[in-house]
Amino acid sequence: MAGELEFERPIIELRQKILDLKEFTKTADVDLSTEIFNLEMRLEKLEKEIYENMKPWDRVQLARHQNRPTTLDYISLLFTDFIECHGDRTFRDDEAIVGGIAKFNGLPLTVIGHQRGKDTKENIRRNFGMPHPEGYRKALRLMKQAEKFRRPIVCFIDTKGAYPGKAAEERGQSEAIARNLFEMASLKVPVICIVIGEGGSGGALALGVGNRIYMLENSTYSVISPEGAASILWRDAALAKQAAETMRITAPDLKELGVIDEIIPEVKGGAHKDVEAQAEEINKMLLKSLKELLALSEKELVDDRYEKFKAIGEYSFSSEYSVVK
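Residues numbered from 1 in each chain as written. Predicted model: local features only at pLDDT ≥ 70, side-chain atom pairs only at ≥ 80, totals over all residues. Heavy atoms only, no water.

With that settled, consider the pairing of strand S3 (residues 107-114). The buried fraction of S3 amounts to 6 of the 8 residues, a majority that puts the element mostly inside the structure. Two elements, strand S2 (residues 97-104) and S3, share 8 bridges in a ladder whose sense is antiparallel. Of the residues in S3, the one forming a bridge with Ala-102 is Leu-109. Between S2 and S3, which pair antiparallel in sequence order, lie 2 residues; one of them, Asn-105, sits at a positive phi of approximately 50°. As defined by bridge partners, S3 adjoins strand S4 (residues 153-159) across 4 bridges and the pair is classed as parallel. Within S4, the residue paired with Gly-113 across the bridge is Phe-156. (Buried < 20%, exposed > 50% of the residue type's maximum accessible area, 1.4 Å probe, protein only. Helix = DSSP H or I, 4+ residues; strand = E, 2+ residues; numbered from the N terminus. Pairing = 2+ DSSP bridges.)

A surface patch of nonpolar side chains, amounting to about 330 Å² of accessible area, comprises Ile-232, Leu-233 and Trp-234. On the secondary structure map, Leu-233 appears in helix H10 (residues 226-234). (Patch = residues over 30% accessible without salt bridge, like charges linked within 9 Å, V, L, I, M, F, W, Y side chains within 5 Å. Areas by Shrake-Rupley, 256 points an atom, 1.4 Å probe, with all protein chains shown as cover. Salt bridge = Lys/Arg side-chain N within 4 Å of Asp/Glu carboxyl O.)

What follows concerns the packing of helix H1 (residues 9-27) against helix H2 (residues 33-51). Relative to each other, H1 and H2 sit at 165°, their axes nearing to 10 Å. Compared by their axis directions, H1 and H2 come out roughly antiparallel. For the pair H1 and H2, the sense of crossing is left-handed. Seen from H1, the contacting residues are Pro-10, Ile-11, Leu-14, Arg-15, Lys-17, Ile-18, Leu-21, Lys-22 and Thr-25; seen from H2, they are Ile-36, Leu-39, Glu-40, Arg-42, Leu-43, Leu-46, Glu-47, Ile-50 and Tyr-51. Here the contact of H1 with H2 is composed, by residue class, of 11 nonpolar, 1 polar and 6 charged. (Axes fitted to C-alpha atoms, helices over the stretch in contact; angles between N-to-C directions. Parallel < 35°, antiparallel > 145°, perpendicular 65-115°, else oblique. Left-handed = near helix turned anticlockwise from the far one by under 90°. Contact = heavy atoms within 4.5 Å. Nonpolar A, V, L, I, M, F, W, Y, C, P; charged D, E, K, R; others polar.)

Here it is in structure tokens:
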């Protein structure tokens, strides 16, 4: 079945068995309602058991699901009057990052996010959601515009990482990411960041310096992909599943570590199962965070952001060295 994930196979097989029995009863003169009911109860229990006890690699698979909602999916459901802005005013428009002006319950704001494709053709056009430096410069241009007109900023994070190609490096990939980190830290408007899929390395962090950072329940946020970590640690990318178990890259892990503020619950089976219901969960979090942040002054917003990132991690100091726990 298209989109089937490895850990979901028992659910898919049982669901198919129920469908087969229902089809059989339409043509055969036999009552299988009791058997079907028992299987449906068994399916409900199995779904609860599997989806509530997912391993890190299971969440990685869901974060990468081909049908997982993208930034543009959420923009269409959460905001009105969206006007997309293009280009970095230096080189070109990078379609791996989309952004523009929109309204949220009548409030003007700026929305920016990584954008990957839903099929091969679109993925090629959007470079599989891996931005070039001009993508980050476009994002920064929109952020500074938002600051000028005092509009809150919402960033959707969903990328394997910044594009690592030679041309991107020649045009200043590292500098573009670093510039975004520097500038976002001092923005005088509310900044809300939401990891909706994969959040990979500096390519994700370049849109991730916010007053509030949220993650969808089955998204991931890490300095490197499990495959990359496995290649470095054990020289074998096939050990990605083992790496995911040790890296602590899931939303529950990062909430415990204090890297993110809250986890946004996902619909059972992943956000792609019901995009509208998932958007409603994000809507609730946006309403809550905007209410809190719009009450702060410009200085309080900058200080809030600074204190947030300063508090991540535990440090012990001695006269000779410091250690991050």
